[in-house]
Amino acid sequence: MSESERSPLNVVVGVTGGIAAYKAVAVIRALVLEGHDVHVVATESALRFVGLPTLEAISRNPVSHELFEGVAQVRHVAIGQSADVIVLAPATANTIARLAAGFADDLLGTTILASTAPLVIAPAMHTEMWQNAATVHNIATLRDRGVIIVGPASGQLTGTDSGPGRMAEPDDIVDAVLAAVGPKDLAGTRILVTAGGTREPIDPVRFIGNRSSGKQGVAIAAAAAARGASVTLIGANLDVPVPPAVTLVAVSSAEELAEATLGASSSADVVIMAAAVADYRPDAVAASKLKKDTQGDELTLRLVKTQDILASLAESKPADQVLIGFAAETENDDPALLELGREKIARKGCDLLVVNRVGWTTGFGTDDNSVVVLDRAGDIVMEASGTKPSVAGRILDLLNRTRHDTST
Ligand code: CTP
């Protein structure tokens, strides 16, 4: 569904008291420009960071901030009851703790408790606060309740420090808000996604691995679930949390990933192989830790090839299943990168291949991605760059078009 076909939503934007409150203005503006009716509920401390007139002018509606205003209209519950979706941007550590505990001693608290609408929160705080056990626990509680958490991103914070805790970009927050309320254009579709990087054991404490964090694959799984798909994620050593709407099967080695994926693939309408799978594994795993004393100055490991899961999936693929592979390449030259992609899709036999450049500082583990998607003929069918959630959305749009084209 294009944005213009979407009917206007009643969006409640909760703004809480953090420096990132100034970026809430961009979130509100984007929602208003897309035609939605935006009602801002600001906490008192939010109004110390961004002024009421700004929020009212940008949202084009009065801003609510006091529990005891409009009591005759029972405003403390009315705002929440009429919301199609609520988004908190920024959500401070304090607000997250209050949400987890169900506090209702201010207008934002009552609004949220009185609502059954999807709730999206964009945490913003210093890294230490984000990583504090109390916040980690509160976020897990909210996630279990179905709250959609966007970000935080990693980057420059308010002071000179940087790290995870920076509020997600306004565009990503808006994408998450709109995804939370539809379109459910993948409803009824069973999608199997693999993500993360496999680890091939050498002995009980060591492995050969790769630097994939699983961010892109998890973003695809999360976005597909938000769009109504039934999603199973085979996750290898993921560095990122998985939303509860996604069924996670945790694996570690290429062999485990192969077994889980090949076992689940026949009942999937779509298989997306985003995992970085080891091509080789040690041919024998030592039963106990290898010791320097017994190994001497040199240690030789004999590696044997692993199964090519994507190629195996392609061989046994049901006719109407869409199979999407990824290609991680370090080639710097664009035409040569595409040539590698063309050669890879021909070799693997999948329907679409998402080619992305990886390197010491690109691709693996980063928040952003830049991809080119090839079809079986080797033609470019889509190019996307941006945050991994936004790239995930574009890949799913392409998937929908592909499924639509092949079924008509
Ligand atoms: N893949 C797989 N099984 C493997 C290796 C890779 O299923 N043993 C899948 C990956 O999940 C990805 C695609 O194949 O979807 C391409 O992976 P990539 O690492 O880019 O390519 P390789 O198969 O390793 O080929 P090359 O060594 O030529 O890069």
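Since the structure is predicted, the reported quantities are computational estimates derived from the model, not experimental observations. (Residues numbered from 1 in each chain as written. Predicted model: local features only at pLDDT ≥ 70, side-chain atom pairs only at ≥ 80, totals over all residues. Heavy atoms only, no water.)

**Observations concerning the site of the ligand**
Residues in close proximity to the ligand total 17 residues, the closest being Ala275, Asp279, Leu310, Lys344 and Lys348. In the model, an oxygen atom of the ligand is placed 2.7 Å from a nitrogen or oxygen of the Asp279 side chain. Between a nitrogen atom of the ligand and a side-chain N or O atom of Thr306, the distance comes to 3.3 Å. The set of elements that each furnish at least two residues to the shell around the ligand consists of helix H13 (309–315), strand S16 (322–329) and helix H14 (334–348). Counting residues per element, the shell around the ligand draws most heavily on S16, which supplies 4 residues. Partitioned by chemical class, the residues of the shell around the ligand number 9 nonpolar, 3 polar and 5 charged. (Near = heavy atom within 4 Å. Polar contact = N/O pair within 3.5 Å; in protein donor to acceptor, adjacent residues only side chain to side chain. Helix = DSSP H or I, 4+ residues; strand = E, 2+ residues; numbered from the N terminus. Nonpolar A, V, L, I, M, F, W, Y, C, P; charged D, E, K, R; others polar.)

**Notes on helix H11 (residues 254–265)**
For an α-helix, 3.6 residues make a turn, and residues three or four places apart therefore share a direction. The end-to-end C-alpha distance of H11 is 16 Å, a good match for the 16 Å that 12 residues give at a rise of 1.5 Å each. Where H11 is concerned, the buried positions are Ala254, Leu257, Ala258, Thr261 and Ser265. Buried residues of H11, seen end-on, are gathered within an arc of 100° and therefore sit on one face of the element. Facing away from the buried side of H11 by over 90 degrees, the exposed positions are Glu255, Glu259 and Gly263. Here the buried face of H11 lies against strand S8 (190–196), strand S9 (200–203), strand S11 (230–236), strand S12 (247–251), strand S13 (270–273) and H13. (Expected span 1.5 Å × (residues − 1). Buried < 20%, exposed > 50% of the residue type's maximum accessible area, 1.4 Å probe, protein only. Arc of directions from axis to C-beta. Contact = heavy atoms within 4.5 Å.)

**Brief notes about the packing of helix H5 (residues 93–101) against helix H8 (residues 133–144)**
Two quantities define a packed helix pair, namely the angle between the helix axes and the distance between the axes. Axis separation between H5 and H8 bottoms out at 9 Å; the angle between their running directions is 50°. By the angle between their directions, the pair H5 and H8 is classed as oblique. Helix-helix and strand crossings are classified by hand; for H5 and H8 the assignment is left-handed. Two secondary-structure elements touch here, H5 through Ala93, Ile96, Ala97, Leu99 and Ala100 and H8 through Thr135, Asn138, Ile139, Thr141 and Leu142. (Axes fitted to C-alpha atoms, helices over the stretch in contact; angles between N-to-C directions. Parallel < 35°, antiparallel > 145°, perpendicular 65-115°, else oblique. Left-handed = near helix turned anticlockwise from the far one by under 90°.)

**Quick notes on the environment of Ala104**
Looking at the element boundaries, Ala104 is found in the loop between H5 and helix H6 (107–113). For Ala104, a relative accessible area of 37% corresponds to the partly exposed category. When the C-alpha atoms of Ala104 and Thr54 are compared, they prove to be 26 Å apart, with 50 residues separating the residues in sequence. Beyond its immediate chain neighbours, meaning those up to four positions away, Ala104 contacts Gly109, Thr110 and Leu113.

Structural measurements only, silent on function.
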